[in-house]
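# Summary of structural features
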Amino acid sequence: MNHRVMFFISLIVIAVGVMGMIVQSGGDSPQVSEEPTVEAKPSSQRTIMLAKAKIELSSGYILGANDYELNEVTVEGNSDLIRLDISALNTGTLRGYLVKSPIKAGSYIESGMLEGPDSPGYILDSLGENEMTYNFPVRLDNSYLLDSLAVGDDVALYLRMLEVSKDSRMKSEVGLESSSGGAAGQSDQYVLSRLISPLTVLSIPPKVEISPSLRSDEIIGFIQLRARTRDLEFIHTVEKAGELLLLPVHGGTEAGKIRLDSLLPQLRTIKQIRG
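Below you will find a few notes about this structure. Residue numbering note: each chain is counted from 1, following its sequence as written. Per-residue local features of the predicted model are confined to residues with pLDDT of at least 70, and side-chain atom pairs are confined, for both listing and counting, to 80 or more; whole-chain, interface and lining totals are unaffected and use all residues. The side-chain quantities take in all heavy atoms of the structure and omit both hydrogens and water.

## Looking at the overall build of the chain
For the record, the criterion: Comment: elements are numbered from the N terminus, with helices defined as DSSP H or I runs of at least four residues and strands as E runs of at least two. Accessibility here uses a 1.4 Å probe with only protein chains present; expressed as a share of the type maximum, an area under 20% marks a residue as buried, one over 50% as exposed, and anything in between as partly exposed. Two residues qualify as a contact provided that any one of their heavy atoms is within 4.5 Å of a heavy atom in the partner residue. Only the protein chains shown count as covering a residue, and every accessible area follows the Shrake-Rupley method with a 1.4 Å probe.
Check the secondary structure of the chain and you find 7 helices and 10 strands. Within the span of the chain, comprising 275 residues, buried residues form 28% of the whole. Contacts in the chain between residues far apart in sequence, at least 24 positions, make up 77% of those at least 6 positions apart. Carbon and sulfur atoms form 54% of the exposed surface of the chain, whose accessible area is close to 19,000 Å².

Right, dumping it as structure tokens:
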């Protein structure tokens, strides 16, 4: 065997060896490192409702709409604010709630500091020393009060009465009849006077179905008002002298008294003409 043949055989052997090495290295699949799967933890946050006093609140005070502010916030599950959550009250408002312990302005209001209007002892707990309730009658002709008032509202008590003039009293003493056949004299006039303000609403009767058979003066329920002893003395003294009315505390005349001829000056002119 000559040198040329030996050379070609050597090349073939080397080529076969190289090909085997390539095939062997390609057959081994690379190992891919698997990263551990991290499961997303459920969020521990929760939404709570916080109430903060806007003014200083004393024990026995009944909250009005402007006495507090509500804020819905999202906190972590281990937040200290969770104990202040008032969502359990499930009302959306604290109007009419009774304050059981003093609360400073700017402080948070906790559920345990309040008593709701639906509580069995609410009315009794709302009364302080020398206070009682006054039942204001609701009739068909003033049933608008049921849609206008809420527990915790402050109202003013007014008296509307007919003011009899001195001329009418003199005619009555001598037995003279007026030209209107016994009606109010021409010089008599209605007067509206503010008696007591404020009185706090403690309860409102439920609405009733208005029946055609009901008279306009028929009582359909009572609004319970919180009043002091001296207020009750005054009310029971004058309640038969005219018609009692409930009106808002604010927005009325400063004097608290309105005469008919002050609203209609032409009536005063007629009386002057008639002497």
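## Quick word on the layout of surface pockets
Stated precisely, the cut-off is as follows: Each cavity reported here is a set of points on a 1 Å grid over the protein atoms alone in which a 1.4 Å probe fits but cannot get out, each pocket an open set with protein on both sides within 12 Å along at least five of seven lines, and each lining residue one with an atom within 4 Å of a point. Grid points are joined across faces, edges and corners, and a volume is the space filled by probe spheres set on the points.
Here the largest pocket is characterised by a volume of approximately 620 Å³. Along the walls of the largest pocket sit 29 residues, with G152, D153, D154, V155 and V249 positioned nearest its centre. For the lining of the largest pocket, the leading source of residues is strand β7 (residues 189-203), giving 4 residues.

## Digging into empty space enclosed by the protein
Summed over the entire model, instances satisfying the criterion amount to 1 cavity of 30 Å³ or more. The volume enclosed by the largest cavity comes to roughly 30 Å³. The wall of the largest cavity is formed by F136, N142, Y144, L145, L244, L245 and L246. Element by element, the count of residues in the lining of the largest cavity is highest for strand β9 (residues 243-248), at 3 residues.

## Side note on helix α5 (residues 229-238)
Short version of the rule: Note that the arc is computed from the directions linking the helix axis to the C-beta atoms.
The set of residues buried in α5 consists of D231, L232, I235 and V238. For α5, the angular spread of buried residues about the axis comes to 145°, placing them on one side. Those residues of α5 that are exposed and angled more than 90 degrees off the buried face are R230, E233 and T237. Those residues of α5 that are buried lie in contact with β5 (131-139), β6 (154-163), β7, β8 (219-228) and β9.

## Considering unusual backbone geometry
Look at the link from S197 to P198: it is a cis peptide, with omega at 0°. Inspection of the secondary structure assignment puts P198 in strand β7. In the Ramachandran plot, N130 falls in the positive-phi region, its phi being about 65° despite a non-glycine side chain. Checked against the element boundaries, N130 lands in the loop between α2 (122-126) and β5.

## A closer look at the side chain of N142
In this structure, N142 sits in the loop between β5 and α3 (145-148). Contact partners of N142, with chain neighbours within four places excluded, come to F136 and P137.

## Describing the environment of G116
Take G116: it is sitting in the loop between β4 (114-115) and α2. The class of G116 is buried, set by a relative accessible area of 19%. Taking C-alpha positions, G116 is 4.9 Å from Y97, a pair spaced 19 residues apart along the chain.

## Some words on the nonpolar core
One recurring pattern in soluble globular proteins is that nonpolar side chains are buried together. Note the threshold: The criterion is simple. A nonpolar core is a set of buried Ala, Val, Leu, Ile, Met, Phe, Trp, Tyr and Cys residues joined through side-chain atoms within 4.5 Å.
Counting residues in each nonpolar core, the largest one holds 22 residues, and the members touching the most others are F136, L157, I223, L225, L244 and L246. Sorting the residues of this core by element identifies β5, α3, β6, β7, β8, α5 and β9 as the ones contributing at least two each. Apart from the residues within four sequence positions on either side, I223 is in contact with Y134, N135, F136, V138, L145, L149, V201, S203, P205 and L246. In terms of nonpolar packing, the next biggest core, distinct from the first, is built from 13 residues, L63, L94, V99 and M113 among them.

## A short note on the pairing of β6
Put simply, side chains in a regular strand alternate between the two faces of the sheet. Our working definition: Pairing between strands is defined by DSSP: at least two bridges between them are needed.
Pairing of β6 with β7 involves 9 bridges; the strand directions are antiparallel. Each residue of the ladder has a partner; that of L162, found in β7, is Y190. When β6 meets β9, the two strands line up antiparallel, connected through 6 bridges. The residue of β9 that forms the bridge with L159 is L244.

## Focus: the pattern of salt bridges
As a reminder, the rule being used: Any carboxyl oxygen of Asp or Glu within 4 Å of a side-chain nitrogen of Lys or Arg constitutes a salt bridge here.
Going through the model one piece at a time under the given rule, you end up with 6 salt bridges. A salt bridge links D217 to R215; the nearest nitrogen and oxygen atoms lie 3.2 Å apart. Between D231 and R228 there is a salt bridge, with its nearest N and O atoms 3.1 Å apart. Given the relative accessible area of 8%, D231 is considered buried.

## Quick notes on a nonpolar patch on the surface
In plain terms, the rule: Nonpolar side chains (Val, Leu, Ile, Met, Phe, Trp, Tyr) within 5 Å and like charges within 9 Å form the patches, drawn only from residues with over 30% relative accessible area and no salt bridge.
Where nonpolar side chains cluster on the molecular surface, the patch consists of L162, V164 and Y190 and spans about 250 Å² of accessible area. Examined against the element boundaries, V164 turns out to sit in the loop between β6 and α4 (166-174). On the accessibility criterion, V164 (37% relative accessible area) is partly exposed.

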